[in-house]
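# Working through the structure, step by step
Listed below are the residues making up each chain.
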Amino acid sequence: MKTSIGVGLIGTGYMGKCHALAWNGIKAVFGDGPKPVLVHLAEVNAEIARKKADEFGFDKSTGDWRELIGDPAVEVVSVTTPNAFHAEMAIAALEAGKHVWCEKPMAVALADAERMAAAAKAASRVAVLGYNYIQNPLIRQIGQILADDTIGTVNHVRLEMDEDFMADPEALFYWKSEASSGYGALDDFGVHPLSLLQVLFGRPTKVFAHLSKPYADRPTREGTRRAVETFDIASVLFELGEGVSGVMALDRSAWGRKGRIVLQIFGSKGTIVFDQERFNELQLYVTSDRPTELGFRTILAAPQHAPYDRFIPAPGHGLGFNDLKIIECHELLKRIAGQDARVIDFDIGLGIERTVHAMAQSHHEQRWINIA
Ligand SMILES: NC(=O)c1ccc[n+]([C@@H]2O[C@H](COP(=O)([O-])OP(=O)(O)OC[C@H]3O[C@@H](n4cnc5c(N)ncnc54)[C@H](O)[C@@H]3O)[C@@H](O)[C@H]2O)c1
């Protein structure tokens, strides 16, 4: 078994720090697998790169990400830069023979996502996307509840994802307001609920979407105003296989919502409710409960829900967002070692991208789109 693996990190913002925490913490949490050696870190310039390398525990630093890709000691590359860079960086890393752990969404253009999936196949390297929410032990537990037929035949799935970081009409225009970042809530956001759908049910077979912009323009740092190019709100109808109906509502300008991903699964014998803002608990309603005691019961995350036990031996104490990234990192290393792993790789991720682009097409053409 490989005893170490050389890590490169590109980008050190919100997600860059999250990946760095995962690479630093994984060995202490799981104990198994190769020890990550933090080799090289890249940022937009040498000064930021050096500062962040010192903070995150990386040895070398560079203001040119291509230098990191060319480093033979780097075996796996974390790509945590804005969406527009994912394709170029991931493909360059794969072509250099590195494994890739790339943040979602996969790419802005569908053609780029296709090139990324092709590059991963051609390089025979592991390429995995940052769909951390699928790693929640309680999302695995939902899969188990469904497999056990506890809520019977599923007939309706409802997904919502809301945050309020774009809710202020006077919030500065930034890269997420630019068309170069994608459609907006749909690919920035929608891919997360779609990743949950993917692991629990697979891909929608047809979609109908409506996208909207709550604010036409935003102030710039220069004191001017700039037209917003992305859609902060998306409403989608979808169908899963065998006629299961679905609704997905996305809003990144929803005051008061901080990290809400609500999943409701309705079946012939019960209902499951999950909310990411309270992600250490599940609500379960089953008709088989005593008629005098019908109502939702709360299931608290506990060591029985692996891999919660690798973090905390006590039930009800709760995991945190960064812990999901540590689990994701562990699944990535399992896949690199050739083991079964719970990951959304570039191949499956391409399916999510196709779904998102079909939703955007549906909005523009104002009709249902079947997904092949
Ligand atoms: N998985 C999740 O839950 C999740 C959450 C937030 C963001 N994301 C994704 O992570 C990615 C980054 O988002 P973020 O919120 O961390 O953004 P951010 O703006 O906080 O960080 C991006 C970083 O990339 C650096 N960067 C930009 N261009 C670069 C270049 N050419 N070379 C090296 N570094 C460069 C920036 O300086 C910055 O430090 C996006 O694709 C976003 O969609 C995922």
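Structure report, in brief. (Residues numbered from 1 in each chain as written. Predicted model: local features only at pLDDT ≥ 70, side-chain atom pairs only at ≥ 80, totals over all residues. Heavy atoms only, no water.)

Strand-to-strand pairing in sheets goes through backbone hydrogen bonds, with the strands running parallel or antiparallel. If you walk across this open sheet you meet the nine strands as β16-β15-β14-β13-β7-β12-β11-β8-β17, and the pairing is mixed. Either end of the sheet is taken by a strand with one partner, and the two such strands are β16 (297-300) and β17 (369-370). Of the strand pairs in this sheet, strand β15 (residues 281-286) and β16 are connected by four bridges, and their pairing is antiparallel. Bridge pairing in β16 places Leu284 opposite Arg297. The strands that helix α6 (residues 137-147) touches are β7 (154-162), β13 (260-267), β14 (270-275), β15 and β16; relative to β15, the one it contacts most, it runs at about 15°. Docked against the sheet, helix α10 (residues 346-365) engages β8 (206-212), β11 (233-239), β12 (245-251) and β17, running at close to 65° with respect to β8. (Pairing = 2+ DSSP bridges. Helix = DSSP H or I, 4+ residues; strand = E, 2+ residues; numbered from the N terminus. Contact = heavy atoms within 4.5 Å. Axes fitted to C-alpha atoms, helices over the stretch in contact; angles between N-to-C directions.)

Attention now moves to the site of the ligand. Lining the immediate surroundings of the ligand are 26 residues, of which Met15, Glu43, Asn83, Glu103 and Asn132 lie closest. A distance of 3.5 Å separates an oxygen atom of the ligand from a polar backbone atom of Thr12. At a separation of 3.3 Å, an oxygen atom of the ligand approaches a polar backbone atom of Gly13. When contributions to the shell around the ligand are tallied by element, the ones reaching two or more residues are α1 (14-30), α4 (86-95) and α9 (321-336). A per-class count over the shell around the ligand returns twelve nonpolar, ten polar and four charged. (Near = heavy atom within 4 Å. Polar contact = N/O pair within 3.5 Å; in protein donor to acceptor, adjacent residues only side chain to side chain. Nonpolar A, V, L, I, M, F, W, Y, C, P; charged D, E, K, R; others polar.)

This next bit is on the packing of helix α7 (residues 185-200) against α10. Orientation of α7 relative to α10, taken along the N-to-C sense of each, is 125°, at an axis distance of 10 Å. Taken as axis vectors, α7 and α10 run oblique relative to one another. Note on packing geometry: the crossing formed by α7 with α10 is right-handed. Across the interface between the two elements, Leu186, Asp187, Val191, Leu194, Ser195 and Gln198 of α7 pack against Ile348, Ile352, Glu353, Thr355, Val356, Met359 and Ala360 of α10. Here the contact of α7 with α10 is composed, by residue class, of eight nonpolar, three polar and two charged. (Parallel < 35°, antiparallel > 145°, perpendicular 65-115°, else oblique. Left-handed = near helix turned anticlockwise from the far one by under 90°.)

The analysis is restricted to geometry; functional conclusions fall outside its scope.
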